[in-house]
Amino acid sequence: RYRLEGNTPEGDPYLVLMNVNTREGSAWLKGTKLEGEEAKKYLERAYGAWVNDTYWLLVPYKLKDGGVVLADGGEEKKGDDAWDKVVLTFDNVGLTPKDKYWLFVNRKTGLIDRWDFVLKGENVPPSTFEWKGWQRYGKIMLSPERVDPASGRKIVFPVLAAPETMPDSVFTSNQPVPAR
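Residues numbered from 1 in each chain as written. Predicted model: local features only at pLDDT ≥ 70, side-chain atom pairs only at ≥ 80, totals over all residues. Heavy atoms only, no water.

Colleague: An account of the pattern of salt bridges is needed here, citing residue identities and associated values.
Modeller: With the rule as written, the count across this model stands at 13 salt bridges. Between E130 and K132 there is a salt bridge, and its shortest N-O distance comes to 3.3 Å. For K139, the salt bridge is made with E164, and the minimal N-O distance between the two is 3.6 Å. Here K139 is found in the loop between β10 (135-137) and β11 (140-142), whereas its partner E164 is found in the loop between β13 (154-156) and α2 (169-172), with 25 residues between them in sequence. The two residues K139 and E164 agree in class, both being exposed. Look at the salt bridges and you will find they share partners, linking E75, K77, D84 and R107 into a network. (Salt bridge = Lys/Arg side-chain N within 4 Å of Asp/Glu carboxyl O. Helix = DSSP H or I, 4+ residues; strand = E, 2+ residues; numbered from the N terminus. Buried < 20%, exposed > 50% of the residue type's maximum accessible area, 1.4 Å probe, protein only.)

Given below as structure tokens:
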């Protein structure tokens, strides 16, 4: 089950509640429930966001997903630091099956320090994002910040939590989620 809240480029609030396995659910724009093709468009957009965002946030926990292909990418050393490089590709699954990632796993911490990637099988130098601020959320470790060392651009997850349970209403009601 998935809940996505956001704003359109025009600043209008939207909400999508869906089952990511069936891709069925409901969508609201400015508080009004959408129907037909408009609802379908928001459900498709939400599914794409879920796929993308789960990789950006949870890739260490998705390495055994069906269709994920892992390979040994060797090692990299710099001074006293060393990383095992894990190459991640996809066996004809997902929304972008030609994407390729190199995960740099710190030998001392066992955590990803950075990933390099090339999207859509393009013949370009990889983009790099460093994974910063690893900390425990509930029973899992997450990195809430990605930084492109070349440009300084950041992707952040400013509000993270990993509760053991969630009220059903989070995934069934278009009402605001109560503060926990």
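Colleague: Can you lay out the nonpolar core for me, pointing to particular residues and giving the numbers?
Modeller: In terms of nonpolar packing, the biggest core is built from 19 residues, with V59, L88, Y101, L103 and W115 touching the most fellow members. Listed by contribution, the elements that provide at least two residues to this core are α1 (36-58), β6 (81-90), β7 (100-106), β8 (112-118) and β9 (127-132). In this structure, Y2, L34, A39 and L43 belong to the second largest nonpolar core, which totals 15 residues. (Core = buried A, V, L, I, M, F, W, Y, C linked by side-chain atoms within 4.5 Å.)

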